[in-house]
Amino acid sequence: MARTASVERRTRETDITLTIDLDGTGRADIDTGIGFFDHMLDGFARHGLFDLTLRCKGDLAVDCHHTIEDVGIVLGGAIRQALGDKQGIARFGSCLLPMDETLALCAVDLGGRPYFVYNAAFAGQSCGGMDTQMAREFFYAVSYAAAMNLHLKVLYGENDHHKLEAMFKAFAKALDAASRPDPRIEGVLSTKGTL
């Protein structure tokens, strides 16, 4: 069964269409109007081996907030939809990812209870036209829209580009591990019998 989803969201602030295939090969076709954010999402798709198509027209004349947050909402909703009933998935995934001098940690639980823990500090207010504080808003939106438990931490690092890229790639690898089917699992991996 295909684990794909297509989601659209239109508000007065953003117009978004997104398609994801959790069992892809890492193909990405992304245009949000924010080049650095596109680069981060491309890394997410490639390293998670997700096929991702995304178009977003946002009110960038205001700032990047609505675009980045709303893409997080749509991506999280698409992940939740593509996972379906979560039969046979590993459920948990984690990644400790190095990016030059930076080391980032991500842990994911697809158990259906949203919770978000974030620990990252940046030297600058923006990186490549993306406000660094928007990384937190993006991942928060993804975690709650997907109903996932998501922990992200930059353990150490100096370069903001490396910190952000390490977080997006670590998230990709952790989500890939958590969403991967395991033939040993019958039903869902829960003592409750449901996720």
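Scroll up a little and you will see the structure.
Now for a look at the structure at hand. Here the structure is a predicted model, which is why all the values come from computation and not from measurement.

In this model helix α2 (residues 65-83) runs 27 Å from its N-terminal to its C-terminal C-alpha over 19 residues, within 8% of the 27 Å that 1.5 Å per residue would give. A positive phi of about 60° marks G84, the residue just after α2.

Attention shifts here to the sheet that holds strand β10 (residues 149-156). Read from one edge to the other, the open sheet built from four strands follows the order β5-β6-β10-β7, with strand pairing classed as mixed. Each of the sheet's edge strands pairs with one partner strand only, and the pair in question is β5 (92-99) and β7 (115-119). When the angles between neighbouring strand axes are averaged without regard to direction, this sheet yields 10°. By the bridge criterion, five bridges tie β7 to β10 in an arrangement that is parallel. Bridge pairing links V117 to H151 in β10. Here helix α3 (residues 134-146) sits on the sheet in contact with β7 and β10, set at roughly 160° to β7.

Mapping R3 onto the fold places it in the segment before β1 (4-10). From its side chain, R3 meets the backbone oxygen of S179 in a polar contact 2.7 Å long. Apart from the residues within four sequence positions on either side, R3 is in contact with I20, D21, L22, D23, A82, L83, I89, S179, R180 and P181.

Let's shift gears to a nonpolar patch on the surface. Together, L96, L105, L155 and Y156 make up a nonpolar patch on the protein surface, roughly 380 Å² of accessible area in all. Residue position: Y156 is located in strand β10.

So, on to the state of the cysteines. Overall, the coordinates contain zero disulfides when judged by the stated rule. Looking at the unpaired C95, the closest cysteine sulfur is the one in C106, lying at 7.6 Å.

With respect to the element layout, F50 can be found in the loop between α1 (35-48) and β4 (51-58). When its relative accessible area of 0% is taken as the criterion, F50 is described as buried. A sequence separation of 24 residues divides F50 from G26, and the C-alpha atoms of the two residues are 4.7 Å apart.

Right, let's get into unusual backbone geometry. A positive phi angle, near 65°, is found at K86, a position not held by glycine. The backbone of A147 sits at a positive phi, close to 55°, despite the residue not being glycine. Here A147 lies in the loop between α3 and β10.

This part takes up the nonpolar core. Counting 59 residues, the largest nonpolar core has I20, F138, M148 and F171 as the members making the most contacts within it. In terms of residues, this core owes the most to one element, helix α4 (residues 160-179), which gives ten residues.

For the coordinates displayed, the defined rule picks out ten aromatic pairs. Between the aromatic rings of F44 and F171, the centroid separation amounts to 5.5 Å while the plane-to-plane angle is 15°, which identifies the pairing as stacked. In this pair, F44 sits in helix α1 while F171 sits in helix α4, placing the two residues 127 residues apart along the sequence. Accessibility expressed as a relative area gives 1% for F44, which makes it buried.

Calculation rules
- Residues numbered from 1 in each chain as written.
- Predicted model: local features only at pLDDT ≥ 70, side-chain atom pairs only at ≥ 80, totals over all residues.
- Heavy atoms only, no water.
- Helix = DSSP H or I, 4+ residues; strand = E, 2+ residues; numbered from the N terminus.
- Expected span 1.5 Å × (residues − 1).
- Pairing = 2+ DSSP bridges.
- Axes fitted to C-alpha atoms, helices over the stretch in contact; angles between N-to-C directions.
- Contact = heavy atoms within 4.5 Å.
- Polar contact = N/O pair within 3.5 Å; in protein donor to acceptor, adjacent residues only side chain to side chain.
- Patch = residues over 30% accessible without salt bridge, like charges linked within 9 Å, V, L, I, M, F, W, Y side chains within 5 Å.
- Areas by Shrake-Rupley, 256 points an atom, 1.4 Å probe, with all protein chains shown as cover.
- Salt bridge = Lys/Arg side-chain N within 4 Å of Asp/Glu carboxyl O.
- Disulfide = S-S within 2.5 Å.
- Buried < 20%, exposed > 50% of the residue type's maximum accessible area, 1.4 Å probe, protein only.
- Core = buried A, V, L, I, M, F, W, Y, C linked by side-chain atoms within 4.5 Å.
- Phe/Tyr/Trp six-rings, centres within 6.5 Å; stacked < 30°, edge-to-face > 60°.

Just distances and angles here, no functional claims.
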